[in-house]
Amino acid sequence: MPFNQKPQKFNAKINTVTIGSGDKTVALGGNSTFPFYSFDAPTENTAKVGVEITDMGLEGVSEGIKAYYEGATTMADIAKKAAAMEGADFVALVLEGGDPNGENKSVDELIAIVKEVADAVDCPLVVEGCKNVEKDAELLPKVAEVLQGRNVLILAEKEENYKAIGAAAGLAYNQIVGAESAVDINLAKQLNVVTTQLGVNAQKIVMNIGSACAGYGYEYVVSTMDRIKGAALGQNDNMLQMPIITPVASETWGVKEASASEADMPEWGPQDERGIDMEIMTAAADLAAGSDAVILRHPQSVATISKMIKALA
Amino acid sequence: MALNGIQIFKLTPKKNCKECGCPTCMAFSMKVAQGAMKIEQCPHMSEDAIASLSEATAPPMKTIKIGTGDGEFTLGGETVLFRHEKTFVSKTRYAVALCTCMDDAAVDAKIKEIPKVDYERIGERMYAELVYVNCSEDADAAKYTALVEKAAGIGRTLVLGCTDPEIAKAALAVCKDSKPVLNGANASNYEAMNAVAAEAGVVLGVSGKDINELYDTVAALEKLGNKNLVLDVTGADLKETFANAVLVRRAALKDQDRTFGYPSIVNTVKIAKGDVHMQAALASLFTMKYGSIIVMEQMTYAEALPLYGLRQNVFTDPQKPMKVEPGIYPLNGADENSLVVTTVDFALTYFVVSGELERSGVPLNLVINDAGGLSVLTSWAAGKFSGNSISKFIIENVEPKVKCRKLLIPGKVAVLKGDLEAKLPGWEIIVGPREAVQLVKFLKDMQA
Ligand code: SF4
């Protein structure tokens, strides 16, 4: 008896959400299979790779990343180089300097950077807040306002501030709303439900279901994504059919395996290599579990992950 | 796919002779269906009936053992496709590749490099458990056997990648007692390879030019009586390899097709030769999706630190949290005069907190006590992270070893401050931040 290959067909699919404007756009989601299961049904859109830059410039980044951006002195320069990276589909600007427990930059100062970056590149943009819920509630609506017409993804509203951010990004300024929850299928769904109740179009929401670095409670990420994709496709749950974007770099570059210097941990070898592999392996696992887009920092990681995605398509 | 009582009853001789201890064959069949009795307890069962029953009640994926002693590993035996359904039971094992195509210097360098990565993470030893020894087309038995002997010297379990039965036989003569895998059967040589593997008593790896040929070859080997197999699902490229890995596992577990109910080998060296970063990506991808053995060109700390962490996470029991051993963990070169910090033993909390503490650069003693493997608030609510439990541990284990009398507690359990001050005379209790990310700033401010 020959092998009887049984495809797993679903009568549902992940929403397609397009970010960017003009002829520079990328489509996230749209597939009706588990990630990379192109043997079950054709792939509508391949997963996308974003390059992370921050308002803090090149402060604290690894040697290899610094080398790539050599000569870039302004945020505009950095953004241009990020957009030109091999394998990059979009640029993700993180406004981490806004954190009141950190640099505590003012909203005006950050908005100036947002404008500088947006003017420098015409690729699709993702703008991430500083993670402080009060500051983001003030900052991200302004970002949505000044980038009107660019169709950017605003990351992210959370349970605590979805009204301010979701309404500004999704209703007032017609951007894409990023909805961030903490690795739990029910919390992810709940946030989508309340966001659509504000009047935001479900087709204009992208989820960040929460992320972790490989080795750091990563099993929760795997199972949450497995279950979300299972419910979205298998049960046609339209409150879980939003594409998933996962900021990888911000999780992986902070852990000691990636950040410890070679001087401190000589047996571990070069820091840059550890950072790259931590980023690559976490991203590959995210994509295998269900991320429709990942955000990375190192040019080697961006090139490798983008190549892997294309080889699997 | 368990059979029900009626299906089992149809296979019994229906004598109702009571020799099995049951009043009727029907009663016996019901007990077998429930798992209370074994089919062999009826002395009158025909061989055919026993065979078809054991086939029907066998697990969908075989458990295959390779190696010996410390190097013995269990592959396969999985029952689910997703870890939230039930725990994945057999961890992915990683093999570093050696090849007769490498020059001596490259082989020696690799052999020196492999043992360098060997460390412990949350109670688990992390190292490359396997060495893959590949025999290239042009190598002869002497050359291959010499390489196998060299590889065996590292003391890791071997996987022999060799499709020539004569060469394989020669190589097994020097290493078969350590129970290596012989990965080399295919459609054109499976009979001879089967004889070699059977004679040496080792697991046989099977491959095919596509998934259909793989299937047919496995079926043919099973017909020869060999069910001690692993399936090399590596295809011509990444896309085919991923499809094979998923389709084989899914056919076995979802569609109950036992011909594919075996562990897998994924050889990233074949599909991403020379590209160590791509191999890193693929090691992660195939750890997530159904690689039992993954072959790579190298396992340095750059690969090991993320990969073993990922594997440890993916293969945990979803019902059981990972815990850190209670104890005093000195960070940043702490000594007996350094500040004492405490948090719970939940591995995720421990890693996040210790990571931030290390980032601060401030020398301190991180004290971990048994808190049930729960997060700070949950274990506090459950009474497992309390004034009593913390003070008891400090008095018994910390006071004899540490001179500093300042204790930093998580901000989320600020309510414990008063209780701890009462129970720990002489100690200054400091309430830390609520979130780990605020620790660096908090500690720096404290120093200032
Ligand atoms: S021993 Fe076998 S034949 Fe006899 S009663 Fe039991 S099941 Fe029936």
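Residues numbered from 1 in each chain as written. Chains lettered and ligands numbered in written order. Predicted model: local features only at pLDDT ≥ 70, side-chain atom pairs only at ≥ 80, totals over all residues. Heavy atoms only, no water.

Once that is clear, we can look at the overall build of chain B. Looking only at helices and strands, chain B features 17 helices and 17 strands. In terms of principal-axis extent, the alpha carbons of chain B reach across some 75 × 70 × 35 Å. Looking at chain B residue by residue over its 448 residues, the buried ones come to 55%. Of the roughly 18700 Å² of accessible surface on chain B, 52% is carried by carbon and sulfur atoms. Distance between charge centres in chain B, computed from 50 positive and 53 negative side chains, equals 7 Å. (Helix = DSSP H or I, 4+ residues; strand = E, 2+ residues; numbered from the N terminus. Buried < 20%, exposed > 50% of the residue type's maximum accessible area, 1.4 Å probe, protein only. Areas by Shrake-Rupley, 256 points an atom, 1.4 Å probe, with all protein chains shown as cover. Lys, Arg positive; Asp, Glu negative; His and termini not counted. Charge placed at Lys NZ, Arg CZ, Asp CG, Glu CD.)

So, about the site of the ligand. With respect to spatial proximity, the complete set of residues near the ligand consists of Pro13(B), Lys15(B), Asn16(B), Cys17(B), Lys18(B), Glu19(B), Cys20(B), Cys25(B), Phe28(B), Cys42(B) and Pro43(B). Taken together, the residues of the shell around the ligand break down into seven nonpolar, one polar and three charged. (Near = heavy atom within 4 Å. Nonpolar A, V, L, I, M, F, W, Y, C, P; charged D, E, K, R; others polar.)

Taken as a whole, chain B shows an average pLDDT of 93; of its residues, 98% reach a score of 70 or greater. Overall fold confidence for the complex sits at a pTM of 0.88, while the interface term, ipTM, reaches 0.97. (pLDDT = per-residue confidence, 0-100.)

Let us now look at the side chain of Thr342(B). Residue and element names in this part refer to chain B. Looking at the element boundaries, threonine 342 is found in strand 14 (residues 339-343). Overall, the relative accessible area of 4% leaves threonine 342 in the buried class. Residues contacting threonine 342, with those up to four places away along its chain left out, are Leu366, Val367, Phe385, Leu407, Leu408, Ile409 and Pro410. (Contact = heavy atoms within 4.5 Å.)

All names here are of chain B. With respect to the helices and strands, the residue isoleucine 50 is situated in helix 3 (residues 47-57). Between the C-alpha atoms of isoleucine 50 and valine 437, which are 387 residues apart in sequence, the distance is 61 Å. Non-local contacts of isoleucine 50, meaning those with residues more than four positions away in its chain, are made with Glu40 and Met45.

Here chain B is partitioned into domain 1 (5-57), domain 2 (63-314) and domain 3 (327-447). Placing the centre of domain 1 of chain B and that of domain 2 of chain B at their C-alpha centroids yields a distance of 39 Å. (Domains from an automatic or database assignment.)

Right, let's talk about the sheet that holds strand 14 of chain B for a bit. Residues and elements named next belong to chain B. If you walk across this open sheet you meet the five strands as 13-15-14-16-17, and the pairing is mixed. Of all strands in the sheet, those bounded by a partner on one side alone are strand 13 (327-331) and strand 17 (428-431). Across the sheet, the axes of successive neighbouring strands diverge by a mean angle of 30 degrees, strand direction being ignored. With five bridges connecting them, strand 14 and strand 15 (residues 364-368) associate as parallel partners. In the strand pairing of strand 15, threonine 342 is matched with valine 367. (Pairing = 2+ DSSP bridges. Axes fitted to C-alpha atoms, helices over the stretch in contact; angles between N-to-C directions.)

On to a nonpolar patch on the surface, then. Residues and elements named next belong to chain B. Together, Leu377, Trp380 and Val415 give the surface a local cluster of nonpolar side chains, amounting to about 280 Å² of exposed area. Note that tryptophan 380 resides in helix 14 (residues 376-381). Classification of tryptophan 380 by relative accessible area gives partly exposed; the value is 36%. (Patch = residues over 30% accessible without salt bridge, like charges linked within 9 Å, V, L, I, M, F, W, Y side chains within 5 Å. Salt bridge = Lys/Arg side-chain N within 4 Å of Asp/Glu carboxyl O.)

Before going further, it helps to spend a moment on the nonpolar core. Membership of the largest hydrophobic core comes to 193 residues, with the highest contact counts inside it found for Ile53(A), Val143(A), Ile305(A), Met308(A), Leu160(B) and Leu182(B). When residues in this core are grouped by element, the largest group, ten residues, is from helix 9 (residues 238-253) of chain B. When near neighbours in sequence (up to four residues on either side) are disregarded, Leu160(B) contacts Val133(B), Tyr144(B), Val148(B), Ala171(B), Leu172(B), Cys175(B), Pro180(B), Val181(B), Leu182(B) and Asn183(B). Formed by 23 residues, the second largest nonpolar core is a distinct cluster that contains Ala258(A), Val324(B), Leu364(B) and Ile368(B). (Core = buried A, V, L, I, M, F, W, Y, C linked by side-chain atoms within 4.5 Å.)

All names here are of chain A. Helix length check: helix 3 (residues 107-120) (14 residues) gives 20 Å between terminal C-alpha atoms against 20 Å at 1.5 Å per residue, within 8%. Every buried residue of helix 3 is accounted for by Val107, Leu110, Ile111, Ile113, Val114, Val117, Ala118 and Ala120. Turning to helix 3, the residues buried within the fold contact strand 3 (48-54), helix 2 (75-83), strand 4 (90-94), strand 5 (125-128) and helix 4 (133-146). (Expected span 1.5 Å × (residues − 1).)

All names here are of chain B. Here strand 11 (residues 264-267) shows no split at all, with Ser264 and Val266 on one side and Ile265 and Asn267 on the other all buried. Pairing geometry for strand 10 (residues 229-232) and strand 11, over two bridges, is parallel. Note that in strand 11 the partner of leucine 231 across the bridge is serine 264. Considered for its hand, the β-α-β crossover made up of strand 10, helix 9 and strand 11 is right-handed. When strand 11 meets strand 12 (residues 293-296), the two strands line up parallel, connected through three bridges. Within the sheet, the bridge partner assigned to isoleucine 265 lies in strand 12 and is isoleucine 293. (Right-handed = clockwise from strand over helix to strand, strands pointing away.)

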